[in-house]
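# Topology and contacts: notes
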Amino acid sequence: IMPYLASANFNLVIDAARTLGMLNDKPAAEKIAPLLIDRHWEVRSIAVTALGCIDRDGYEADLIRALQDREWQVRYNAAAILKDSPDIEGIRKVVVATGDRYALEMLEFMTQSNELWRQAE
């Protein structure tokens with residue numbers, strides 16, 4: 001599957017990254033991380049999710065940067081991964097320091113939604 005991460009067909013790249021993330025393929029993470037700056041937002045979005053599945057804590061800084069992506073879906077996926085971090089307060093401080101209000105709003109939305117779901121259980 002890993003060779004498809006370098007395909008010229010971005011749909012194959014998306015499928016490969018998604019699959020490797022779902023398989024929790026740790027060696028694939030270093031090949032998926034560069035996809036966070038792909039020109040296709042769909043690829044960046046899946047790369048965020050895949051890295052979050054493989055090693056959220058190891059790629060925390062990359063996921064925080066993804067919160068600042070120009071596409072809301074990438075920011076949404078990054079916040080969805082980061083909301084479960086044991087150091088959410090530390091992440092919040094880093095995001096505040098970026099000055100990106102949209103990144104902060106997305107993180108706050110996801111953490112508040114997460115808390116509401118926990119209360120409902």
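Whatever comes next refers back to the structure up there.
A brief report on the enclosed structure follows.

Cut-offs applied
- Residues numbered from 1 in each chain as written.
- Predicted model: local features only at pLDDT ≥ 70, side-chain atom pairs only at ≥ 80, totals over all residues.
- Heavy atoms only, no water.
- Helix = DSSP H or I, 4+ residues; strand = E, 2+ residues; numbered from the N terminus.
- Rg over C-alpha atoms; globule rule 2.2 N^0.38 Å.
- Buried < 20%, exposed > 50% of the residue type's maximum accessible area, 1.4 Å probe, protein only.
- Contact = heavy atoms within 4.5 Å.
- Areas by Shrake-Rupley, 256 points an atom, 1.4 Å probe, with all protein chains shown as cover.
- Salt bridge = Lys/Arg side-chain N within 4 Å of Asp/Glu carboxyl O.
- Arc of directions from axis to C-beta.
- Core = buried A, V, L, I, M, F, W, Y, C linked by side-chain atoms within 4.5 Å.
- Phe/Tyr/Trp six-rings, centres within 6.5 Å; stacked < 30°, edge-to-face > 60°.

### Structural notes on the overall build of the protein chain
A count of helical and extended segments in the protein chain gives seven helices and zero strands. Along its sequence from the N terminus, the protein chain presents helices and strands in the succession α-α-α-α-α-α-α. Whereas a compact globule of 121 residues would reach a radius of gyration of roughly 14 Å, the protein chain reaches 14 Å, a difference of no more than 12%. Dimensions along the principal axes, computed over C-alpha positions, put the protein chain at roughly 40 × 30 × 20 Å. The buried share of the protein chain, taken over its 121 residues, is 41%. For the protein chain, the proportion of contacts with a sequence separation of at least 24, taken over those separated by at least 6, is 54%. In the form shown here, the protein chain has an accessible surface area of approximately 7100 Å², with 55% of it arising from carbon and sulfur atoms.

### As for the pattern of salt bridges
All told, the structure shown has seven salt bridges when counted by the stated rule. Its salt-bridge partner being D62, residue R65 comes within 2.4 Å of it at the nearest N-O pair. Taken together, the residues span about one helical turn, with R65 and D62 both in helix 4 (residues 60–66) at a distance of three residues. Notably, a salt bridge pairs R92 with E89, separated by 2.4 Å at the nearest N-O pair. Remark: E89 and R92 occur in helix 6 (residues 88–98); sequence separation between them is three residues, near one turn of the helix. One network of salt bridges, with partners in common, ties together E89, R92 and E108.

### A short note on helix 6
Among the residues of helix 6, I88, I91, R92 and V95 are the ones counted as buried. With its buried residues spanning 100° around the axis, helix 6 presents them on a single face. Structural note: helix 6 exposes K93 and A97 on the side pointing more than 90 degrees away from its buried face. Just downstream of helix 6 lies G99, where phi reads positive at about 75°.

### Things to note about unusual backbone geometry
Unusually for a residue other than glycine, N24 sits at a positive phi of about 55°. Considering the arrangement of structural elements, one finds N24 in the loop between helix 1 (10–22) and helix 2 (29–32).

### Quick word on the nonpolar core
If you look at the biggest cluster of nonpolar residues, it comprises 36 residues, and the most contacted ones within it are I32, L35 and L67. Within the residue set of this core, elements represented by two or more residues are helix 1, helix 2, helix 3 (41–55), helix 4, helix 5 (72–82), helix 6 and helix 7 (101–120). The element best represented in this core is helix 3, accounting for seven residues.

### Focus: the packing of aromatic side chains
One pass over the full model with this rule turns up one aromatic pair. Considering the side-chain rings of W72 and Y76, the 6.0 Å spacing of their centres and the 80° angle between planes classify their relative orientation as edge-to-face. With W72 and Y76 both in helix 5, this residue pair falls four residues apart, about one helical turn. Accessibility expressed as a relative area gives 48% for W72, which makes it partly exposed.

None of the figures reported here should be taken as evidence of function without further support.
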